[in-house]
Amino acid sequence: MDKITVLVVEDEGKLLKTLSEFLRMNNYKVYQAADGLSGIQEFSIHRAEIDIVLLDVMLPFADGYEVLKRIRLTSNVPVIMLTAKEEVEDQIKGFSLGADDYIIKPYTLSVVKMHIEAVLKRLGHGQDVVYAGAIRLEVNAKKVYVNDVYVETTPKEFELLHILVKNRGTVLTRDFILDSVWGYHYVGDIRTIDTLVKQLRKKLGELSYIRTVYGVGYCFEVEGNEKTD
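Rules used throughout
For every chain, the first residue of the written sequence is number 1, and numbering continues from 1 along that sequence. Confidence filtering applies because this is a predicted model: local features only for residues at pLDDT of at least 70, side-chain atom pairs given and counted only at 80 or more, and all residues used for totals across whole chains, interfaces and linings. Working from all heavy atoms in the structure, the side-chain values ignore hydrogens and water. Whether two strands pair comes down to DSSP finding at least two bridges between them. Every helix listed is a DSSP run of H or I at least four residues long, and every strand listed is a run of E at least two residues long, numbered separately from the N terminus. A contact between two residues is defined here by any heavy atoms of the two lying within 4.5 Å. Think of each axis as a best-fit line through the C-alpha atoms, taken over the contacting stretch in the case of a helix, with angles from 0 to 180 degrees between the N-to-C directions. Take a side-chain nitrogen of Lys or Arg and a carboxyl oxygen of Asp or Glu: if they are within 4 Å of each other, that pair is a salt bridge. Each residue's exposure class comes from its accessible area (1.4 Å probe, protein chains only) as a fraction of the maximum for that residue type: buried when under 20%, exposed when over 50%, partly exposed otherwise. Polar contact is defined as a pair of N or O atoms within 3.5 Å, subject to the rule that within protein one atom must be able to donate a hydrogen and the other to accept it, and that residues adjacent in sequence are counted only when both atoms are side-chain atoms. Orienting the strands away from the viewer, one traces the path from the first strand over the helix to the second; a clockwise path indicates a right-handed crossover. The pocket and cavity definitions rest on a 1 Å grid over protein atoms only: a 1.4 Å probe that fits but cannot leave marks a cavity, an open set with protein on both sides within 12 Å along at least five of seven lines marks a pocket, and residues lining either have an atom within 4 Å of a point. Grid points are joined across faces, edges and corners, and a volume is the space filled by probe spheres set on the points. Grouping buried Ala, Val, Leu, Ile, Met, Phe, Trp, Tyr and Cys residues that are joined through side-chain atoms within 4.5 Å yields what is termed a nonpolar core.

Engineer: It is not clear to me how the sheet that holds strand S10 (residues 172–173) should be interpreted in this structure. Could you clarify?
Structural biologist: Pairing between sheet strands relies on hydrogen bonds along the backbone, with the strands arranged either parallel or antiparallel. Here three strands make up an open sheet; going across it, the order is S10-S12-S11 and the pairing antiparallel. Edge positions in the sheet fall to S10 and strand S11 (210–213), since each has one partner strand and no second. The pairing of S11 with strand S12 (residues 217–220) spans four bridges and is classified as antiparallel. For Arg-211, the partnering residue across the bridge sits in S12 and is Cys-219. Lying on the sheet, helix H8 (residues 191–204) is in contact with S11 and S12; it crosses S11 at an angle near 150 degrees.

The structure is reproduced here in structure tokens:
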């Protein structure tokens, strides 16, 4: 299974270094930011990769709440707030803005790891089988099933569908999809995305989960009840 990718946003240099090194030793991939604006920028650049964010509340240039607000404009990625504040009001504010968990400073590194694992497990991250309505994705095998019937897809079709399912309910731009599926150095025509979506829709048959947002990109939305684990 691929490494879990963490964005750590922390302005205390020593703590940022220590926490990042600890996570890397435990087989995580880590991106770092030492202030709020850098955190927003790093998330924007690496959004397709990031599985979870560790976000300090007290940050220069833009505090953790502002960073969280910006993240929630485009993503439902899990966010754990790191704070020295124990006040209930501060935690309520974070949760109301979309935080998934809180860790109060000072903390041990092992506690951070436990919180990360607990949040990801609760949200179903890393599971080999992902359900979205009538669709079942077997991630490691890169197989797609519709109503339990196997549907053959190309590697790029599977990656596109997986990206859409992971970001269900969020409008993804063509540029974001292009970067996520082909990489930042791809120089091909952006209309490649439209062609791939057309192929996927044909293979998914009557399912109309992939919605076109004209002038922007695509959004994956499941109509009716969604099957969950």
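Engineer: Teacher, can you tell me more about the pattern of salt bridges here?
Structural biologist: Once their charged atoms are close, side chains differing in charge can pair, the charge on each being opposite to the other. One pass over the structure, following the stated rule, counts 13 salt bridges. A salt bridge links Glu-10 to Lys-105; the nearest nitrogen and oxygen atoms lie 3.1 Å apart. Of the two residues, Glu-10 sits in the loop between strand S1 (4–9) and helix H1 (13–25) while Lys-105 sits in the loop between strand S5 (101–104) and helix H5 (109–122), which places them 95 residues apart along the sequence. In this structure, Asp-194 engages Arg-174 in a salt bridge whose closest nitrogen and oxygen atoms are separated by 2.9 Å.

Engineer: Looking at this structure, how should I read the side chain of Glu-157?
Structural biologist: For Glu-157, the position within the fold is in helix H6 (residues 155–166). In this structure Glu-157 comes out as buried when scored by relative accessible area, which is 2%. Only 2.9 Å separates the side chain of Glu-157 from the backbone nitrogen of Thr-154, close enough to count as a polar contact. When residues no more than four places from it in sequence are discounted, the contact partners of Glu-157 are Glu-152, Leu-196, Gln-199, Leu-200 and Lys-203.

Engineer: What am I meant to see in the pairing of strand S3 (residues 52–56) here?
Structural biologist: A regular strand carries its side chains on alternate faces of the sheet. The element S3 is extensively covered by neighbouring structure, given that five of its five residues are classed as buried. Relative to S3, S1 runs parallel, the two sharing four bridges. Considered in S3, the bridge of Leu-7 is made with Val-53. As paired strands, S3 and strand S4 (residues 79–83) are joined by four bridges and run parallel to one another. Note on S4: the bridge partner recorded for Leu-55 is Met-81. As for the winding sense of the linkage, the β-α-β connection from S3 through helix H3 (residues 64–72) to S4 is right-handed.

Engineer: What is the right way to look at the layout of surface pockets in this model?
Structural biologist: Empty space among the atoms becomes visible once a probe the size of a water molecule is rolled across them. Of the voids in this model, the second largest pocket is the one considered here, and its volume is about 150 Å³. Around the second largest pocket sit 12 residues that line it, and Ser-44, Arg-47, Thr-173, Asp-175 and Phe-176 are the ones nearest its centre. Contributing elements (two or more residues each) for the lining of the second largest pocket: helix H2 (36–46) and helix H7 (174–182). The element best represented in the lining of the second largest pocket is H7, accounting for four residues.

Engineer: Looking at this structure, how should I read the sheet that holds S4?
Structural biologist: Ordered in space as S2-S1-S3-S4-S5, the five strands form an open sheet in which the pairing is parallel. Edge positions in the sheet fall to strand S2 (28–33) and S5, since each of these pairs with one other strand and no more. Neighbour-to-neighbour, the strand axes of this sheet turn through a mean angle of 20 degrees, independent of strand direction. With respect to the sheet, H2 is in contact with S1, S2 and S3, its orientation differing from that of S2 by roughly 140 degrees. Each of S3, S4 and S5 is contacted by H3, which is oriented at about 175 degrees to S4, the strand it contacts most.

Engineer: What exactly am I supposed to notice about the nonpolar core here?
Structural biologist: One recurring pattern in soluble globular proteins: nonpolar side chains tend to sit buried together. Ile-135, Leu-160, Leu-161, Ile-210 and Phe-220 are the most contacted members of the largest nonpolar core, which totals 28 residues. Only strand S7 (135–138), strand S8 (143–146), H6, H7, H8 and S12 provide two or more residues apiece to this core. At six residues, H6 tops the list of elements feeding residues into this core. Those residues in contact with Leu-161, other than ones at most four positions away along the chain, are Ile-135, Leu-137, Val-144, Leu-200, Leu-204 and Phe-220. Core analysis: the next-biggest nonpolar cluster, separate from the first, contains 20 residues, Ala-33, Ile-50, Val-57 and Val-67 among them.

Engineer: Is there a simple way to explain the environment of Val-165 in this structure?
Structural biologist: When you line up the elements, Val-165 lands in helix H6. Overall, the relative accessible area of 2% leaves Val-165 in the buried class. Expressed as a C-alpha distance, the spacing of Val-165 and Phe-220, which sit 55 residues apart in the sequence, is 6.3 Å. Dropping the residues within four chain positions of it, Val-165 is found in contact with Val-130, Ala-132, Leu-137 and Phe-220.

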